Amino acid sequence: MSDRRISIVDRFPKAARRWSRLAVLLSLLAVLGLALASCGGKERPQGDAASGTGPLVTAASQPVDAVKILVAQAGLYQVSAEQLQTAGLDLSNGAGAMSLTVAGEPVAFAWDAEGTAPGLTFYGQPRQSRYGRQNVYWLSRSQEETSQGLALSGRLLTPADEPSEPAVNSFQDTVRLEQSVQYLSQTPEDTDHWLWQPIYAPGAYTVTFDLPGWAGGDGALNVSLWGNTQDFKNPDHHVVLRLNGQQVADSSWDDKGWRTVSADAPASALKAAGNELVVELPGDTGAVVDVAYLDYVEIAYPRQLLADAGAIRFSLPAGQPVAVSGFPSDQVLLWDVTEPARPQPLSGFAVTKQDNGYRVSFQDAGVTGQRDYVAAAPEARSAPVAIRPAAGRD
């Protein structure tokens with residue numbers, strides 16, 4: 001048997017093979033980049049939402065001079081004396097020489113020493129930061145007996161039982177929908193890095209929402225997006241908004257960057273509950289890739305002055321007759337929170353019984369301009385996320 005030699009002819013020179021491997025490597029890096037953009041690389045720390053079951057109170061092992069009160073939403077907050085004592089604060093002298101601060105600035109508060117549940121009531125707000133919404137209020141006891149917190153001063157109203165003109169019973173409210181789920185380092189330094197949902201063209205994402213107390217009129221819609229890709233095509237991003245099946249916006253833009261899409265929301269496209277907003281990237285720009293991240297959705301709409309679960313926040317021009325309904329009892333707290341650090345408890349308003357509960361009527365004639373109010377039944381005051389003992393300025 002004779003030897004047979006098989007000769008293999010190299011049809012691809014070495015240089016060509018190197019370029020081929022480089023092309024494959026670049027393709028793999030591109031895929032990896034998209035995957036990293038999708039996952040964001042980080043997850044937001046948990047615990048940014050207020051608990052609906054009351055605050056988590058950390059028991060102190062020894063007495064402390066201050067406690068930290070964590071809040072995540074705007075509202076009228078109640079902290080009981082028992083909770084403060086559990087966290088280690090000495091209340092033997094009641095509210096004397098105590099001060100409430102946030103970010104080092106004093107905040108006025110009310111201390112109720114009477115009744116079955118003595119404690120603290122204050123107006124709290126979330127932190128306005130791209131890193132989270134939880135805000136920390138410090139309740140501290142001064143070592144000096146003469147030291148006092150910011151005084152809380154009230155204001156007397158004019159009852160509006162029988163106004164000369166019809167009472168205002170609705171206001172302009174805004175629902176903001178936002179979830180900080182994925183982190184993007186490439187957004188500008190002074191803007192939000194925590195975004196909600198990536199949308200890859202062709203594709204869509206559906207946001208569902210309710211409009212508490214919707215009064216039946218037109219609304220306005222704002223959708224914030226981050227365009228995360230760029231291409232030689234101009235424009236290279238295209239988004240369509242559909243509200244309950246009705247197209248309300250069609251917008252295009254070019255390159256990476258922020259885009260706020262604004263649109264009218266006609267009453268015919270709104271519902272009190274179960275609304276669906278579809279944010280769609282049709283993928284028809286001709287760009288190789290079109291990726292946008294949803295940041296937040298805002299819907300401004302006319303809302304009835306009707307308490308939700310015994311509480312409501314609203315904004316109206318001062319001086320006009322106002323009627324707010326839906327409270328479970330005639331015991332209602334009404335505060336002017338136009339200056340959040342210096343809220344004013346209001347008195348002199350009228351409370352009347354109705355079929356759907358109790359109605360508060362008033363006319364705030366002693367001030368001018370747009371005013372922010374919060375009204376709540378005592379049992380409807382918000383609970384903090386947590387109450388913790390503080391050592392020094394930890």
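Now for a description of the structure that goes with this document. (Residues numbered from 1 in each chain as written. Predicted model: local features only at pLDDT ≥ 70, side-chain atom pairs only at ≥ 80, totals over all residues. Heavy atoms only, no water.)

**Topic: the overall build of the chain**
For the chain, the helix and strand inventory stands at two helices and 28 strands. In the chain, buried positions account for 40% of the 394 residues. For the chain, the proportion of contacts with a sequence separation of at least 24, taken over those separated by at least 6, is 78%. Surface exposure of the chain reaches about 21,100 Å², of which carbon and sulfur atoms provide 50%. (Helix = DSSP H or I, 4+ residues; strand = E, 2+ residues; numbered from the N terminus. Buried < 20%, exposed > 50% of the residue type's maximum accessible area, 1.4 Å probe, protein only. Contact = heavy atoms within 4.5 Å. Areas by Shrake-Rupley, 256 points an atom, 1.4 Å probe, with all protein chains shown as cover.)

**Observations regarding unusual backbone geometry**
In this chain, Ala-201 is followed by Pro-202 through a cis amide linkage whose omega measures -5 degrees. Along the chain, Pro-202 turns up in the loop between strand E13 (197–200) and strand E14 (203–209). Between Asn-234 and Pro-235 the backbone carries a cis peptide bond, its omega angle lying at 5 degrees. Structurally, the position occupied by Pro-235 is in the loop between strand E15 (219–227) and strand E16 (237–243). Within the chain, Ala-103 stands out as a residue other than glycine whose phi angle is a positive 55 degrees. By the secondary structure assignment, Ala-103 is in the loop between strand E4 (98–102) and strand E5 (105–107). For Asp-255, which is not glycine, the phi torsion reads 70 degrees and is therefore positive.

**Describing the nonpolar core**
Grouped together as the largest cluster of nonpolar side chains are 30 residues, with contacts concentrated most on Leu-241, Leu-277 and Val-297. Those elements that provide at least two residues to this core are strand E10 (170–178), E14, E15, E16, strand E17 (246–253), strand E18 (257–265), strand E19 (275–281) and strand E20 (291–304). The contact partners of Leu-241, leaving out residues within four places of it in the chain, are Leu-221, Val-223, Gln-246, Gln-247, Val-248, Ala-249, Val-261, Leu-277, Val-278 and Val-279. Counting residues in each nonpolar core, the second largest holds 21 residues, with Val-64, Tyr-77, Ala-87 and Leu-120 among its members. (Core = buried A, V, L, I, M, F, W, Y, C linked by side-chain atoms within 4.5 Å.)

**Quick notes on the pattern of salt bridges**
Opposite charge on two side chains makes pairing possible when the charged atoms of those side chains draw close. Counting across every chain of the model gives seven salt bridges. Measuring nitrogen to oxygen at the nearest pair gives 2.6 Å for the salt bridge that ties Glu-298 to Arg-176. Taken together, the positions of Glu-298 in strand E20 and Arg-176 in strand E10 put the pair 122 residues apart, joining distant regions of the chain. Given the relative accessible area of 22%, Glu-298 is considered partly exposed. The partner of Glu-280 in a salt bridge is Arg-242, and the shortest N-O contact between them spans 2.2 Å. Residue Glu-280 is found in strand E19, and its partner Arg-242 is found in strand E16; the two are separated by 38 residues along the sequence. (Salt bridge = Lys/Arg side-chain N within 4 Å of Asp/Glu carboxyl O.)

**Some details on the sheet that holds strand E22 (residues 321–327)**
Within the open sheet, the three strands sit side by side as E22-E26-E25. Their pairing is antiparallel. Single-partner strands in this sheet number two, and they are E22 and strand E25 (350–354). Each strand axis lies, on average, 25 degrees off the axis of its neighbour in the sheet, ignoring direction. Across five bridges, the pairing between E22 and strand E26 (residues 357–363) is antiparallel. Looking across to E26, one finds that Phe-327 is bridged to Tyr-358. (Pairing = 2+ DSSP bridges. Axes fitted to C-alpha atoms, helices over the stretch in contact; angles between N-to-C directions.)

**Things to note about the environment of Pro-389**
Its place among the elements puts Pro-389 in strand E28 (residues 386–390). In sequence terms Pro-389 and Ile-69 are 320 residues apart; their C-alpha atoms lie 9.0 Å from each other. Excluding residues that lie within four positions of it along the chain, Pro-389 makes contacts with Thr-58, Ala-60, Val-64, Ala-66, Val-67, Lys-68 and Ala-87.

**Description of the pairing of strand E3 (residues 75–80)**
In terms of burial, E3 is a largely internal element, five of the six residues being buried. Sheet topology places E3 next to strand E7 (residues 119–124); six bridges connect them, and they run antiparallel. Residue pairing in the sheet places Ser-80 in a bridge with Gly-119 of E7.

**Observations regarding the packing of aromatic side chains**
Applying the stated rule across the entire model yields eight aromatic pairs. Arranged with centres 5.1 Å apart and planes meeting at 45 degrees, the rings of Phe-122 and Tyr-137 form a pair that is tilted. Note that Phe-122 is positioned in strand E7 and Tyr-137 in strand E8 (residues 135–141), a separation of 15 residues in sequence. With a relative accessible area of 0%, Phe-122 lands in the buried category. A residue is classified by how much of its surface remains accessible, and Tyr-137, at 3% relative accessible area, is buried. Relative to Trp-258, the ring of Trp-226 has its centre 5.3 Å away and its plane inclined at 65 degrees; by these criteria the two rings are edge-to-face. (Phe/Tyr/Trp six-rings, centres within 6.5 Å; stacked < 30°, edge-to-face > 60°.)

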